[in-house]
Amino acid sequence: AGALRVQLADEGGMPFYVRGCDVRRSDKSAVADGEAKKADFLMDGVTPVPDDFIPVEASVVGNYAVQISWPDGFSQVATFAQIQALSRLPVGEKTAA
């Protein structure tokens with residue numbers, strides 16, 4: 001599974017790991033009534049986000065978020081609070097990124 005290493009000042013600078021797919025699925029983009037949750041699918045709108053999905057690039061936005069570019073062309077802004085709220089991987093399960 002694609003793991004992302006995260007290191008935030010609020011966490012005392014200690015790194016932790018989250019799954020890339022969980023970050024992507026946590027996207028808060030607007031969804032129209034009756035539309036499937038966009039964050040659960042790749043940009044084609046049909047293919048579910050795979051469990052081993054990892055970003056191609058990530059950069060800090062101010063003191064509050066990360067701008068993430070995904071392999072399917074999707075661009076996501078994930079706040080630090082949003083990432084902190086995700087389930088963390090046990091240290092032995094970290095694999096990449």
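Residues numbered from 1 in each chain as written. Predicted model: local features only at pLDDT ≥ 70, side-chain atom pairs only at ≥ 80, totals over all residues. Heavy atoms only, no water.

Draft legend 1. Expanded view of the overall build of the protein chain. Each helix and strand counted, the protein chain has two helices and five strands in total. Reading the protein chain from its N end, one meets helices and strands in the order β-β-α-β-β-β-α. Relative to its full complement of 97 residues, the protein chain shows a buried share of 33%. Once local pairs closer than 6 in sequence are excluded, the contacts in the protein chain between residues at least 24 apart make up 43%. For the protein chain, the accessible surface area stands at approximately 5,700 Å², while carbon and sulfur atoms represent 54% of it. (Helix = DSSP H or I, 4+ residues; strand = E, 2+ residues; numbered from the N terminus. Buried < 20%, exposed > 50% of the residue type's maximum accessible area, 1.4 Å probe, protein only. Contact = heavy atoms within 4.5 Å. Areas by Shrake-Rupley, 256 points an atom, 1.4 Å probe, with all protein chains shown as cover.)

Draft legend 2. A look at the sheet that holds strand 4 (residues 65-69). Judged by pairing direction, the sheet is antiparallel, and its three strands sit side by side in the order 3-4-5 without closing on themselves. The outermost strands of the open sheet, each flanked by one partner alone, are strand 3 (57-61) and strand 5 (75-79). Each neighbouring strand pair of the sheet contributes to a mean axis angle of 25 degrees, computed without reference to strand direction. Bridge analysis of strand 4 against strand 5 gives five bridges, and the strand direction is antiparallel. Looking at the pairing, Gln-67 lines up with Val-77 of strand 5. (Pairing = 2+ DSSP bridges. Axes fitted to C-alpha atoms, helices over the stretch in contact; angles between N-to-C directions.)

Draft legend 3. Highlighting the side chain of Arg-24. Position of Arg-24 relative to the elements: it lies in helix 1 (residues 20-25). The buried category is assigned to Arg-24, whose relative accessible area is 1%.

Draft legend 4. Structural view of the pattern of salt bridges. With the rule as written, the count across this model stands at three salt bridges. Of the charged contacts, one joins Arg-24 and Asp-72 as a salt bridge, the two residues approaching to 2.8 Å between their closest N and O atoms. With a gap of 48 residues between them, Arg-24 in helix 1 and Asp-72 in the loop between strand 4 and strand 5 connect regions that are remote in the sequence. (Salt bridge = Lys/Arg side-chain N within 4 Å of Asp/Glu carboxyl O.)

Draft legend 5. Region of the structure containing the packing of aromatic side chains. If you walk through the whole model with that rule in mind, you get one aromatic pair. We note Arg-88 situated over the ring of Phe-16; from NZ or CZ to the ring centre the distance is 3.7 Å. (Phe/Tyr/Trp six-rings, centres within 6.5 Å; stacked < 30°, edge-to-face > 60°. Lys NZ or Arg CZ within 6 Å of the ring centre and 35° of its normal.)

Draft legend 6. Examining the layout of surface pockets more closely. If you add up the space inside the largest pocket, you get close to 200 Å³. In terms of lining residues, the largest pocket is bounded by 14 residues, among which Leu-4, Arg-5, Val-6, Val-66 and Ile-83 are the most central. Elements with a minimum of two residues in the lining of the largest pocket: strand 1 (3-6), strand 4 and helix 2 (80-84). With three residues, the top contributor of residues to the lining of the largest pocket is strand 1. (1 Å grid on protein atoms, 1.4 Å probe; cavity = no way out; pocket = protein on both sides within 12 Å on 5 of 7 lines; lining within 4 Å. Points joined across faces, edges and corners; volume = space filled by probe spheres on them.)

Draft legend 7. Molecular detail of the nonpolar core. One finds Val-18, Val-23 and Ile-83 to be the most contacted residues of the largest nonpolar core, which totals 18 residues. Secondary-structure elements contributing two or more residues to this core are strand 1, strand 2 (16-19), helix 1, strand 4 and helix 2. With near-sequence residues (within four places) excluded, Val-23 lies in contact with Leu-4, Val-18, Ile-68, Trp-70, Gln-76, Ala-78 and Leu-86. (Core = buried A, V, L, I, M, F, W, Y, C linked by side-chain atoms within 4.5 Å.)

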